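# Analysis of the macromolecular model
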Amino acid sequence: HMVQHLMLIMVAPPLLVAGQPVTLLLHASRNPLHTWTKRVIRSRVVTFLTWPPFTLAAYAAVIVSTHLTGLITTTITHPVVHDAEHAVYLVVGYLFFLPIVGSEPIRWRLSYPIRFLMLAVAMPVDTFTGLILSMQGTPLQATDGPAPPGSPNPLQDIHWAGAIMWVAGDALMF
């Protein structure tokens, strides 16, 4: 499950950014859609949502709040919340990686040292969240139904998830 989370917030978003959907829309559209898209991209809301300090804070808040709070139990027991969590990972990951690896026509153009700095600042969020999960002393509330044969016990599962977040998350960010 942690691999899925990492794919949704660290792998799929940079690939979406590389696909340049906004640039594609601008090149493929004519008025009034073209004008509307340019107006939206230049709006204060989009300028704020793509502001690097905001994207960094949103990334850190999503990682911590979905893994280290009671929200994790809610996502386990409510499939709709779980699906919403996945959508949030994709959107926040897209916003985070947009100014770092993107070339969309947004306001923010970061120098390479600042891009590296953003990644370096985001890396400890994954590290510490993974470490906290791997040192967890109590398992999460169990889901309904028996575990599949050969699966780890609930506490061991959290420890493995923490190790995956720590090692794989840092490797992907690196």
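Residues numbered from 1 in each chain as written. Predicted model: local features only at pLDDT ≥ 70, side-chain atom pairs only at ≥ 80, totals over all residues. Heavy atoms only, no water.

### Quick notes on the overall build of the chain
Our working definition: A run of DSSP states H or I qualifies as a helix once it reaches four residues; a run of E qualifies as a strand once it reaches two. Both are numbered from the N-terminal end. Three labels apply to residues, based on accessible area from a 1.4 Å probe with only protein chains included: buried if under 20% of the type maximum, exposed if over 50%, partly exposed otherwise in between. The accessible surface values rely on the Shrake-Rupley method and a 1.4 Å probe; as for residues, cover is taken only from the protein chains in view. Counted as positive: Lys and Arg. Counted as negative: Asp and Glu. His and the chain ends are not counted at all. Charge positions are represented by NZ for Lys, CZ for Arg, CG for Asp and CD for Glu.
Counting secondary structure elements, the chain contains nine helices and zero strands. Put simply, the chain runs from its N terminus to its C terminus through helices and strands in the order α-α-α-α-α-α-α-α-α. Expressed along its principal axes, the backbone C-alpha trace of the chain runs to roughly 55 × 35 × 25 Å. With 174 residues in all, the chain has 36% of them scored as buried. In the form shown here, the chain has an accessible surface area of approximately 10,200 Å², with 71% of it arising from carbon and sulfur atoms. Between the mean site of the 8 positive side-chain charges and the mean site of the 7 negative ones, the chain shows a separation of 32 Å.

### A short note on helix 5 (residues 52-67)
What counts, and what does not: To estimate how far a helix should extend, the number of its residues minus one is multiplied by 1.5 Å. The arc in question is the one spanned by the directions pointing from the helix axis to the C-beta atoms. Contact between two residues is taken to exist if any of their heavy atoms lie within 4.5 Å; hydrogens are not considered.
The end-to-end C-alpha separation of helix 5 is 23 Å, in line with the 22 Å expected for 16 residues at 1.5 Å each. Listing the buried residues of helix 5 in full gives Pro-52, Thr-55, Leu-56, Ala-58, Tyr-59, Val-62, Ile-63, Thr-66 and His-67. Along helix 5, the residues classed as buried sweep out an arc of 165 degrees about the axis, all on the same side. Those residues of helix 5 hidden inside the fold are in contact with helix 1 (2-18), helix 4 (44-49), helix 6 (71-77), helix 7 (79-101), helix 8 (112-134) and helix 9 (154-173).

### A look at the layout of surface pockets
Counted only if it meets this: Here a cavity is any set of points on a 1 Å grid over the protein atoms alone where a 1.4 Å probe fits but cannot get out, and a pocket is any open set with protein on both sides within 12 Å along at least 5 of 7 lines; a residue lines the site when it has an atom within 4 Å of a point. Grid points are joined across faces, edges and corners, and a volume is the space filled by probe spheres set on the points. Under the scheme applied, nonpolar residues are Ala, Val, Leu, Ile, Met, Phe, Trp, Tyr, Cys and Pro; charged residues are Asp, Glu, Lys and Arg; polar residues are all the others, including Gly.
Reported here for the second largest pocket is a volume of approximately 240 Å³. Contributing to the lining of the second largest pocket are 15 residues, with Val-22, Ile-41, Val-46, Tyr-94 and Leu-98 lying nearest its centre. Of all elements in the fold, only helix 2 (21-28), helix 3 (33-41), helix 4 and helix 7 reach the threshold of two or more residues within the lining of the second largest pocket. When the residues that make up the lining of the second largest pocket are grouped by side-chain class, the tally is twelve nonpolar, two polar and one charged.

### Things to note about a nonpolar patch on the surface
Rules: Here a patch means residues that are over 30% exposed by relative accessible area and free of salt bridges, tied together within 9 Å if like-charged and within 5 Å if nonpolar (Val, Leu, Ile, Met, Phe, Trp, Tyr). Should a side-chain nitrogen of Lys or Arg be within 4 Å of a carboxyl oxygen of Asp or Glu, the pair is scored as a salt bridge.
The grouping of Leu-25, Leu-33, Trp-36 and Val-40 at the surface amounts to a nonpolar patch, some 340 Å² of accessible area in total. Counting residues per element, the nonpolar patch draws most heavily on helix 3, which supplies three residues.

### Brief notes about helix 9
Taking 1.5 Å per residue, 20 residues should reach 28 Å; helix 9 reaches 27 Å between its end C-alpha atoms and fits that length. Taken as a whole, helix 9 has its buried residues at Ile-158, Ala-161, Gly-162, Met-165, Gly-169, Asp-170 and Met-173. Buried residues of helix 9, viewed axially, fall in a sector of 130 degrees; they line one side. Exposed and oriented more than 90 degrees from the buried face of helix 9 are Val-167 and Ala-171. Looking at the packing, one finds that the buried side of helix 9 touches helix 1, helix 5, helix 7 and helix 8.

### Some details on the packing of helix 1 against helix 7
When two helices pack together, their arrangement is given by the angle between the helix axes and by the axis-to-axis distance. Selection rule: Here the axes come from fitting lines to C-alpha atoms, over the contacting stretch only for helices, and the angles between their N-to-C directions go from 0 to 180 degrees. Roughly parallel means an angle under 35 degrees; roughly antiparallel means over 145; roughly perpendicular covers 65 to 115; every other angle is labelled oblique. Should the near helix be turned anticlockwise from the far one by less than a right angle, the crossing is termed left-handed; should it be turned clockwise, right-handed.
Packing of helix 1 against helix 7 leaves a shortest axis separation of 7 Å and a crossing angle of 45 degrees. Comparing their axes, helix 7 and helix 1 come out oblique. At the point where helix 1 passes helix 7, the crossing takes the right-handed sense. Along its contact with helix 1, which presents Gln-4, His-5, Leu-8, Ile-9, Met-10, Ala-12, Pro-13, Pro-14, Leu-16 and Val-17, the element helix 7 presents His-82, Glu-85, His-86, Tyr-89, Leu-90, Gly-93, Tyr-94, Phe-97, Leu-98 and Val-101. Residues of the contact of helix 1 with helix 7, tallied by class, amount to 14 nonpolar, five polar and one charged.

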